[in-house]
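Next come the chains, spelled out residue by residue.
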Amino acid sequence: MRILVKVFTPLLLFFLTACTNSSQETQTPVYREIQDLYGKKVATTIGSSQEAILAAKHPQIEVLRFDTDADILNALRSNQCEAVAVDQHIFRYFNKIMDGAVELEDALFSVGMGLCFGKDYNIELRRQFNDFLKHIKADGTYDQMIDRWINNAHTSTMPDIPVPVDGKPLRVGTHSSAPPLVFMKDGEFVGMDIELVKRFAAHIGRPVVFSDMNFSALIPSLVSGTQDMIICGINITEERKLS
């Protein structure tokens, strides 16, 4: 089964981040480029494109693998690693509550992000989403979502979106540890991707059912047909297009 990825965000930069200690007695080195981390430990999420890039292009780095972005940032905070490889938006969200973390001057790589649909099925669903996306970009809704979640996620709340409760549910796989794209707040899914899917479900008149899972399980759930689409800032790579 092949996967079609639909871009819905601008190109994003992915950075390795290094933690520095403000204490003069225990000053931690500041890493400026990827080569500075050779021989060091870098944490990343299992199944992520960051994991694949580090393994393929930087074998001199010892990669530590965790299930969630929160786990890898906790590893950085607890000095289990010297750096983490994470989406820039996710890092900047967590960095507001972390002290001393800095970005490398050069990006690990740059890539688009998007939703995923099964390429060999749900053709009509993809067409409906493409039409919907054009509509919300044209009327300014998409720009409002960017401002709400990318620029102001810590203070934003999910708008009231009248999603139907009856009918064939839209099955959506996600990973709730990727703020500001997907995360939990007061027991509810919130974030940029969640709002996008809820608006889409309301647009096509279908209820939506979110299934929370580890990031590494998202694409297999789509390929197996247990989910109609997956969301969570999926990086667009050639390998994923062909999965």
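Residues numbered from 1 in each chain as written. Predicted model: local features only at pLDDT ≥ 70, side-chain atom pairs only at ≥ 80, totals over all residues. Heavy atoms only, no water.

1. Side note on the overall build of the protein chain
Looking only at helices and strands, one finds eight helices and 14 strands in the protein chain. A separation threshold of at least 6 residues defines the contact pool for the protein chain, and within that pool the share at least 24 residues apart is 72%. Just so you have it, the protein chain exposes about 11400 Å², and 49% of that area is on carbon and sulfur atoms. (Helix = DSSP H or I, 4+ residues; strand = E, 2+ residues; numbered from the N terminus. Contact = heavy atoms within 4.5 Å. Areas by Shrake-Rupley, 256 points an atom, 1.4 Å probe, with all protein chains shown as cover.)

2. Topic: the packing of helix α4 (residues 123–138) against helix α6 (residues 192–204)
Relative to each other, α4 and α6 sit at 110°, their axes nearing to 10 Å. Compared by their axis directions, α4 and α6 come out roughly perpendicular. Judged by residue contacts, Leu125, Gln128, Phe129, Phe132 and Ile136 of α4 engage Leu196, Arg199, Phe200, His203 and Ile204 from α6. For the contact of α4 with α6, the class distribution of residues is seven nonpolar, two polar and one charged. (Axes fitted to C-alpha atoms, helices over the stretch in contact; angles between N-to-C directions. Parallel < 35°, antiparallel > 145°, perpendicular 65-115°, else oblique. Nonpolar A, V, L, I, M, F, W, Y, C, P; charged D, E, K, R; others polar.)

3. Some details on the pattern of salt bridges
Considering all chains together, one arrives at six salt bridges under this definition. Linking Asp228 and Arg171 is a salt bridge whose minimum nitrogen-to-oxygen distance equals 2.9 Å. Of this pair, Asp228 sits in the loop between α7 (218–223) and β14 (229–235) while Arg171 sits in strand β9 (residues 170–174), and the two are 57 residues apart along the sequence. Here Arg199 ties to Glu195 by a salt bridge, and the two come within 2.8 Å at their closest N and O atoms. Of the two residues, Arg199 and Glu195 both sit in helix α6, four residues apart, roughly one turn of that helix. (Salt bridge = Lys/Arg side-chain N within 4 Å of Asp/Glu carboxyl O.)

4. What to know about the packing of aromatic side chains
Summed over all chains, the structure comprises seven aromatic pairs. Look at Tyr93 and Phe183: their rings are 5.5 Å apart centre to centre, the planes differ by 50°, and that puts the pair in the tilted class. Residue Tyr93 is found in helix α3 (residues 88–95), and its partner Phe183 is found in strand β11 (residues 182–185); the two are separated by 90 residues along the sequence. For Phe183, a relative accessible area of 7% translates into the label buried. Their ring planes at 50° and their centres at 5.9 Å tell us that Phe129 and Phe132 sit as a pair that is tilted. (Phe/Tyr/Trp six-rings, centres within 6.5 Å; stacked < 30°, edge-to-face > 60°. Buried < 20%, exposed > 50% of the residue type's maximum accessible area, 1.4 Å probe, protein only.)

5. Details of the packing of helix α5 (residues 141–151) against α6
Between α5 and α6, the shortest axis-to-axis distance is 9 Å and the interhelical angle comes to 150°. With respect to α6, the element α5 is oriented roughly antiparallel. Handedness of the α5/α6 crossing: right-handed. Between α5, through Thr141, Tyr142, Met145, Ile146, Arg148 and Trp149, and α6, the contact on the second element is made entirely by Met192, Glu195, Leu196 and Arg199. Split into classes, the residues belonging to the contact of α5 with α6 amount to six nonpolar, one polar and three charged. (Left-handed = near helix turned anticlockwise from the far one by under 90°.)

6. A look at the sheet that holds strand β10 (residues 177–178)
Taken in spatial order, the three strands make up an open sheet running β10-β11-β12, and their pairing is antiparallel. Lying at the two open borders of the sheet, with one neighbouring strand each, are β10 and β12 (188–190). Here β11 runs beside β12; their pairing, made up of three bridges, is antiparallel. Directly across from Phe183, in β12, lies its bridge partner Val190. (Pairing = 2+ DSSP bridges.)

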